[in-house]
Amino acid sequence: MEEDIYVIICTMFVLNLPLVAAWFLDRWLGDPSHMPHLVVGFGRMISFLEHKLNRGNARFLKGGIMCIGLVMGVYFFTSWGLSWIAGWSSGLLLVLQILLIFQCLAGTTLIREVRLVFQAVDVSLEKGRKQVARIVGRDTSGLTAQEVRTAALETLAENLSDGVIAPLFWYMLLGVPGMVAYKMVNTLDSMIGYRNERFREIGCFSAHLDDVANYIPARLTALLMIIVSGQLSLLTFVRRYGSQHASPNSGYPEAALAGILDCRFGGSHNYFGEEVWKPYIGKNNRLLDLRDMKVAIRINRYSEVLMMIIVILVTSFVSVFL
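Residues numbered from 1 in each chain as written. Predicted model: local features only at pLDDT ≥ 70, side-chain atom pairs only at ≥ 80, totals over all residues. Heavy atoms only, no water.

Turning our eyes to something else, we now look at the packing of aromatic side chains. In this structure the tally under the stated criterion is 8 aromatic pairs. Their ring planes at 85° and their centres at 5.3 Å tell us that Tyr75 and Phe76 sit as a pair that is edge-to-face. Where Phe169 meets Trp170, the ring centres are 5.4 Å apart and the plane angle is 85°; that geometry is what we call edge-to-face. Each residue in the set Phe77, Trp80, Trp84 and Trp88 is aromatic and connected to the rest through ring pairs, giving one cluster. For Arg219, the ring lying beneath its charged end belongs to Tyr215, and the centroid distance is 3.6 Å. (Phe/Tyr/Trp six-rings, centres within 6.5 Å; stacked < 30°, edge-to-face > 60°. Lys NZ or Arg CZ within 6 Å of the ring centre and 35° of its normal.)

Bringing helix α2 (residues 38-53) into the picture now. The terminal C-alpha atoms of α2, which comprises 16 residues, lie 23 Å apart, in line with the 22 Å expected from a rise of 1.5 Å per residue. Within α2, the full set of buried residues consists of Leu38, Phe42, Gly43, Ile46 and Glu50. Within α2, the buried residues cover an arc of 130° as seen down the axis, which keeps them to one side. Of the exposed residues in α2, the ones pointing more than 90 degrees away from its buried face are Arg44, Phe48 and Lys52. Against α3 (59-86), α4 (90-104) and α7 (145-192) lie the buried residues of α2. (Helix = DSSP H or I, 4+ residues; strand = E, 2+ residues; numbered from the N terminus. Expected span 1.5 Å × (residues − 1). Buried < 20%, exposed > 50% of the residue type's maximum accessible area, 1.4 Å probe, protein only. Arc of directions from axis to C-beta. Contact = heavy atoms within 4.5 Å.)

With that settled, consider the packing of helix α9 (residues 234-242) against helix α10 (residues 251-261). With their axes 8 Å apart at the nearest point, α9 and α10 run at an angle of 135° to one another. Regarding the angle of α9 to α10, the classification is oblique. Our pair here, α9 against α10, has a crossing hand that is right-handed. Side by side, α9 and α10 meet where Leu234, Phe237, Val238, Tyr241 and Gly242 of the first sit next to Gly251, Tyr252, Ala255, Ala256, Ala258, Gly259 and Ile260 of the second. Across the contact of α9 with α10, the residue classes tally to 9 nonpolar, 3 polar and no charged. (Axes fitted to C-alpha atoms, helices over the stretch in contact; angles between N-to-C directions. Parallel < 35°, antiparallel > 145°, perpendicular 65-115°, else oblique. Left-handed = near helix turned anticlockwise from the far one by under 90°. Nonpolar A, V, L, I, M, F, W, Y, C, P; charged D, E, K, R; others polar.)

Checked against the element boundaries, Glu158 lands in helix α7. Expressed as a C-alpha distance, the spacing of Glu158 and Gly64, which sit 94 residues apart in the sequence, is 25 Å. With sequence-adjacent residues up to four places away left out, Glu158 is seen in contact with Ser250, Pro253 and Glu254.

Here we come to a nonpolar patch on the surface. Among the surface-exposed residues, Phe77, Trp80, Trp84, Trp88, Leu92, Val95 and Leu99 lie close enough to one another that they form a single nonpolar patch of about 840 Å² accessible area. For the nonpolar patch, the elements supplying multiple residues, two or more each, are α3 and α4. One can find Phe77 in helix α3. Given the relative accessible area of 59%, Phe77 is considered exposed. (Patch = residues over 30% accessible without salt bridge, like charges linked within 9 Å, V, L, I, M, F, W, Y side chains within 5 Å. Areas by Shrake-Rupley, 256 points an atom, 1.4 Å probe, with all protein chains shown as cover. Salt bridge = Lys/Arg side-chain N within 4 Å of Asp/Glu carboxyl O.)

Interpretation in functional terms is not warranted from these geometric data alone.
And the structure:
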């Protein structure tokens, strides 16, 4: 019996070494600006193809082919590359797995940016606007101090799902290739998944694929946030407000954080010169401050840890017992 337990523990350690090492790297380094990044490479590919294909007729069809080609391409290329390296060098395989997982996780960098937003807006409104512009897609030039803080916290909640929980979820299902493919899906949506004149057709398929890929992770994120907050009664709050968001997914983690902080998210935003109205999440339109930022970051970190535990247990169980 003791030998069996020892074997299981050793197996869990070996199986999850790349994941745990990559997660600690993210906690330590974030996204180093001097290091080539996977998402930057994805962005360049998407930008090149968008400029070539986003013209003439059949833009929806061309956008769908581009999206499927890129996502399937990175999945199979990653699978083939890792398999090839595994037959050549197990040490190099480990290093490459760690680097890929590390670059697919994006928790620490945004947490640092949100801290900087709250610090900057306490110095001056203009500094706060410039700082929050680094992490949101909306026009920040006319935001009030309250709107700057709200935008930062909304983005923090959404990024917990898109940047941490969803990549880990797809790693749990499809391993490193699935994690990398998800990052391509998410990058496509962030670059061309808009409903404005330029991207409405070419990015439609990418936006819907991102909705599908994040459907379960977004709701799982909200559940994890509620669990670590210890406020299980907020499940009703999240069910009420999560579905009212313009996005089928973003509203759930945002609703969880709004409920935990007892504040209000949503309202009018300006994207690419167009006003977009997002339904309010919550009713308490109170002023946000540094204490709210600290609570939000703590919830993020605890949710990450809980998800890591789930992934490790599930992958280990599947490997050992199935």
